[in-house]
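# Structural features, examined
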Amino acid sequence: LDSMKEAAKRVVGGLTHADSVAVVRFSTDASSENSYLVPATASYRFKINAWIDDIMATGSTNYVDALSEAINIVRRSLPDIQPRLADVALLRRLRT
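Structural notes, computed from the coordinates.

Calculation rules
Residues numbered from 1 in each chain as written. Predicted model: local features only at pLDDT ≥ 70, side-chain atom pairs only at ≥ 80, totals over all residues. Heavy atoms only, no water. Helix = DSSP H or I, 4+ residues; strand = E, 2+ residues; numbered from the N terminus. Buried < 20%, exposed > 50% of the residue type's maximum accessible area, 1.4 Å probe, protein only. Contact = heavy atoms within 4.5 Å. Areas by Shrake-Rupley, 256 points an atom, 1.4 Å probe, with all protein chains shown as cover. Core = buried A, V, L, I, M, F, W, Y, C linked by side-chain atoms within 4.5 Å. 1 Å grid on protein atoms, 1.4 Å probe; cavity = no way out; pocket = protein on both sides within 12 Å on 5 of 7 lines; lining within 4 Å. Points joined across faces, edges and corners; volume = space filled by probe spheres on them. Nonpolar A, V, L, I, M, F, W, Y, C, P; charged D, E, K, R; others polar. Salt bridge = Lys/Arg side-chain N within 4 Å of Asp/Glu carboxyl O.

## Some words on the overall build of the protein
A count of helices and strands for the protein gives four helices and four strands. When burial is assessed residue by residue, the protein has 25% of its 96 residues classed as buried. Taking all contacts inside the protein whose residues are at least 6 apart in sequence as the whole, residues at least 24 apart take part in 62%. As displayed, the protein has an accessible area near 6500 Å², and 57% of this comes from carbon and sulfur atoms.

Here is the structure:
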């Protein structure tokens, strides 16, 4: 978990104010700090890093809901962008 946190924080550290970001954390459930992509301002990057630091190992590894949440965040943020049908089909197969 510690190496995942450091990797995630490295990604966040490489963002600039011109980027947008959302981080989805997951165990048994998936959640995000925001339901839309948010501009990666310095203050928001600091907030995201603190959120990453608070991640604890609990529950199961529900990556299907995490991927679904990430796709939904992109859909809400960029409504004109549609995921590839193959991606949707993959998520449906993983869900069953």
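## So, the nonpolar core
One finds Val12, Leu15, Val21, Val23, Val38, Ala40, Tyr44, Ile48, Trp51, Ile52 and Ile55 forming the largest nonpolar core, which totals 11 residues. Among residues more than four places away in sequence, those in contact with Ile48 are Val12, Val23 and Glu33.

## Focus: the layout of surface pockets
Counted as a void, the largest pocket has a volume near 420 Å³. Lining the largest pocket are 19 residues, and of these Met4, Arg25, Phe26, Ser27 and Ile55 sit closest to its centre. Residues of the lining of the largest pocket, tallied by class, amount to 11 nonpolar, six polar and two charged.

## A short note on the pattern of salt bridges
Overall, the coordinates contain three salt bridges when judged by the stated rule. One salt bridge connects Lys47 with Glu33, and the closest N-O pair in it is separated by 3.4 Å. Here the residue Lys47 occupies a position in helix H2 (residues 42-53), and Glu33 occupies one in the loop between strand E3 (30-32) and strand E4 (38-39), the gap between them amounting to 14 residues. By relative accessible area, Lys47 is classed as partly exposed at 43%.

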